[in-house]
Amino acid sequence: MTNKTDKLVIGGREFSSRLMVGTGKYASFEQTAQALEISGAEIITVAVRRVNLDRSKESLLDYIDLKKYTLLPNTAGCYTADDAVRTCLLAREAGMSDFVKLEVLGDEKTLFPDNEELLKAAKVLVGEGFTVLPYCSDDVILCKKLEDLGCAAVMPLGAPIGSGLGIRNPYNIKIILENVKVPVIVDAGVGSASDAAIAMELGCDGVLMNTAIACAQDPIAMAEAMKLAVIAGRLSYKAGRIPRKLYANASSPLEGMFL
Amino acid sequence: MKILLNGEDTEQSDGITIAGLLTHLGIGLDRVAVEVNQAIVPKTKHETHLLSDGDRIEIVHFVGGG
């Protein structure tokens, strides 16, 4: 099993699981709760939205044991630094925690980050005492800037949000890993368990996903697959893989051949 | 008096507080955040903050998201 001392530390807090899971797009709140449980995730993302004034509607948090999870409110849907900051301030008031997943989007089609606005918002939020985890492009210069501003982690995308295209540029992720000291968490793009394992084998500190689990044909089974993939990928990274070679290298000894 | 509540025009009693409004709406005081005219009013002030005619109120909470 995983080394018990191999903790993920973000903003001074320790986590045993390196899989972070979103809570959107599930068929029901029951399914959300079950998938979260099976995934083993300790950090779960939520969005900040208007309360439905129709009292008959149930709320997600009625189904989630808040003692078991650290809520990571996001700024999904924000296209300016001002909107993102406003959302984070509301999230802190609603949840009484400083953790935020900061995303400032550039356009609706790609949902790629607007990195200029992201940096502006990150600066304000760090100043306000937030533990900022920014969703960002897989660009080492940007990640270093976010780290320098005081972000607690960087969360480069593997591919567009909800695309399931996997880690499209593993070399960029590798360069980020070699040049920033804060945890690097691949956020967005994972489609299957192998994608999560690839992120972890690159040396990422964690993986954040939502659609890959919530929209799988069997979200509960996929939640378990992702849990195992993240553990396997982490172990594989720590174990140290063999170098890639072009030609074969026999596993059975040549000595003692009798033919 | 008229209050714009989560984007909808509503009629509320004069002299209502935020806590009064939340109770009237059946919304638990926990895990919501309230903005009046784009400024957050902390939970500690919900009992005392009186709403005024024309106020724009946002009451938000956490929903599923990625």
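Read on for a plain summary of the structure. What you see is a predicted model, and the numbers here were worked out from it, not measured in a lab. (Residues numbered from 1 in each chain as written. Chains lettered and ligands numbered in written order. Predicted model: local features only at pLDDT ≥ 70, side-chain atom pairs only at ≥ 80, totals over all residues. Heavy atoms only, no water.)

### Structural notes on the nonpolar core
If you look at the biggest cluster of nonpolar residues, it comprises 67 residues, and the most contacted ones within it are Leu102, Leu146, Val154, Met209, Ile213 and Met226 of chain A together with Phe62 of chain B. Here the element with the most residues in this core is helix H2 (residues 81-95) of chain A; it accounts for seven residues. Residue contacts for Leu146 of chain A: discarding those within four places in its chain leaves Leu118, Leu119, Ala122, Pro134, Cys136, Cys151 and Val154 of chain A. Judged by nonpolar contacts, the second largest core, of 17 residues, contains Val51 of chain A together with Leu5, Ile16 and Val36 of chain B. (Core = buried A, V, L, I, M, F, W, Y, C linked by side-chain atoms within 4.5 Å. Buried < 20%, exposed > 50% of the residue type's maximum accessible area, 1.4 Å probe, protein only. Helix = DSSP H or I, 4+ residues; strand = E, 2+ residues; numbered from the N terminus. Contact = heavy atoms within 4.5 Å.)

### Focus: the sheet that holds strand S8 (residues 155-156) of chain A
Residue and element names in this part refer to chain A. Judged by pairing direction, the sheet is parallel, and its three strands sit side by side in the order S6-S7-S8 without closing on themselves. Single-partner strands in this sheet number two, and they are strand S6 (99-102) and S8. Examined bridge by bridge, strand S7 (residues 131-136) and S8 share two bridges and lie parallel to one another. From the neighbouring strand, Cys136 faces S8, where its bridge partner is Pro156. Running at roughly 175° to S7, helix H3 (residues 115-127) makes contact with S6 and S7 of the sheet. (Pairing = 2+ DSSP bridges. Axes fitted to C-alpha atoms, helices over the stretch in contact; angles between N-to-C directions.)

### With respect to the pairing of strand S3 (residues 33-36) of chain B
Residue and element names in this part refer to chain B. Burial along S3 is two-sided: Ala33 and Glu35 and Val34 and Val36, pointing in opposite directions, are all buried. Two elements, S3 and strand S5 (residues 56-64), share four bridges in a ladder whose sense is antiparallel. Bridging from a neighbouring strand, Val34 pairs with Ile59 of S5.

### Quick notes on unusual backbone geometry
You will see that Ala188 of chain A, though not glycine, has its phi angle at about 90°, which is positive. Turning to its location among the elements, Ala188 of chain A is positioned in the loop between strand S9 (185-187) and helix H6 (193-202). A positive phi is found at Asn6 of chain B, a non-glycine position, where the angle reads about 45°. Since its relative accessible area comes to 7%, Asn6 of chain B is described here as buried.

### Here's the deal with the packing of aromatic side chains
Residues and elements named next belong to chain A. Applying the stated criterion across every chain yields a total of two aromatic pairs over all chains. Between Phe15 and Phe99 the ring centres are 6.4 Å apart and the planes differ by 75°, which places this aromatic pair in the edge-to-face class. Taken together, the positions of Phe15 in strand S2 (residues 13-15) and Phe99 in strand S6 put the pair 84 residues apart, joining distant regions of the chain. Residue Phe15 shares its accessibility class with Phe99, and that shared class is buried. When the ring of Phe29 is compared with that of Tyr63, the centres are 5.4 Å apart and the planes differ by 35°; the resulting orientation is tilted. Taken together, the residues span a long stretch of sequence, with Phe29 in helix H1 (residues 29-39) and Tyr63 in the loop between strand S4 (43-50) and strand S5 (70-73) at a distance of 34 residues. (Phe/Tyr/Trp six-rings, centres within 6.5 Å; stacked < 30°, edge-to-face > 60°.)

### Looking at H3 of chain A
In an α-helix, one turn spans 3.6 residues, which is why side chains three or four residues apart end up on the same side. All names here are of chain A. With 13 residues, H3 should cover 18 Å at 1.5 Å per step; its first-to-last C-alpha distance of 18 Å lies within 8% of that length. Glu117, Leu118, Leu119, Ala121, Ala122 and Leu125 are the residues of H3 that are buried. On its buried face, H3 is in contact with H2, S6, S7 and helix H4 (140-149). Once H3 ends, the next one or two residues include Gly129, with phi positive near 90°. (Expected span 1.5 Å × (residues − 1).)

### What about the state of the cysteines?
What we call a disulfide is simply a covalent bond connecting the sulfur atoms of a pair of cysteines. All names here are of chain A. Scanning all chains against the criterion turns up zero disulfides over all chains. Residue Cys78 stays outside any disulfide, its sulfur separated by 7.5 Å from that of Cys88, the closest cysteine. Classification of Cys78 by relative accessible area gives buried; the value is 5%. Summary of cysteine pairing: Cys136 is not part of a disulfide, and the nearest cysteine sulfur, belonging to Cys143, is at 3.8 Å. (Disulfide = S-S within 2.5 Å.)

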